[in-house]
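Notes for the structure review
The lines below spell out each chain.
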Amino acid sequence: MVNGELICWHIIDYDTWKRETVERMTEEQKQLSPWGIWNDTLLKQRLAEGWTLDRWI
């Protein structure tokens, strides 16, 4: 993000650590696991709010 505006997404291959930069994600890319970790408290809160993995972006 630059000045609050999303510039691009970084898709990282965890096996090779190669990074691909994309401006718009495909439907297939949207199904990839997000980078980062939620603790148990945040995960419980998000699930209670109806969050599902397909809505991570």
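Below: a short report on this structure. Counting from 1, residues in each chain are numbered in the order their sequence is written. With the structure being a predicted model, the display of local features is reserved for residues of pLDDT at least 70 and the display and counting of side-chain atom pairs for 80 or more, all residues being used for whole-chain, interface and lining totals. Remark: hydrogens and water are excluded; side-chain values derive from all non-hydrogen atoms of the structure.

When the centres of two rings from Phe, Tyr and Trp lie within 6.5 Å, Trp using its six-membered ring, the rings pair. Their planes under 30 degrees apart give stacked, over 60 give edge-to-face, and anything left gives tilted. Scanning the entire structure with this criterion turns up 1 aromatic pair. Seen from their ring centres, Y14 and W17 are 6.0 Å apart, and the 85 degrees between their planes marks the pair as edge-to-face. Between buried and exposed lies partly exposed: a residue is buried under 20% and exposed over 50% of the maximum accessible area for its type, with that area taken using a 1.4 Å probe on protein chains only. Overall, the relative accessible area of 44% leaves Y14 in the partly exposed class.

Backbone geometry places W17, a non-glycine residue, at a positive phi of 65 degrees. A run of H or I in DSSP counts as a helix once it spans at least four residues, and a run of E counts as a strand once it spans at least two, with each numbered from the N terminus. Secondary-structure assignment places W17 in the loop between strand 1 (9-12) and strand 2 (19-22).

By this definition, two strands are paired if DSSP reports at least two bridges between them. Direction of pairing for strand 1 relative to strand 2: antiparallel, over a ladder of 4 bridges. Within the sheet, the bridge partner assigned to H10 lies in strand 2 and is T21. Hairpin geometry of strand 1 and strand 2 is characterised by an intervening segment of 6 residues between the two adjacent antiparallel strands and by a positive phi of about 65 degrees at W17.

Let's shift gears to a nonpolar patch on the surface. Grouping into patches uses exposed residues only, defined as over 30% relative accessible area, and leaves out salt-bridged ones; the cut-off is 9 Å for like charges and 5 Å for nonpolar side chains (Val, Leu, Ile, Met, Phe, Trp, Tyr). Surface exposure here means Shrake-Rupley accessible area, sampled with a 1.4 Å probe, where a residue is shielded only by the protein chains that are shown. The term salt bridge refers to a pairing of a side-chain nitrogen on Lys or Arg with a carboxyl oxygen on Asp or Glu at a separation within 4 Å. A surface patch of nonpolar side chains, about 440 Å² in accessible area, is lined by Y14, W17 and W35. Considering the arrangement of structural elements, one finds W35 in the loop between helix 1 (27-30) and helix 2 (40-48). Residue classification places W35 among the exposed residues on the basis of a relative accessible area of 59%.

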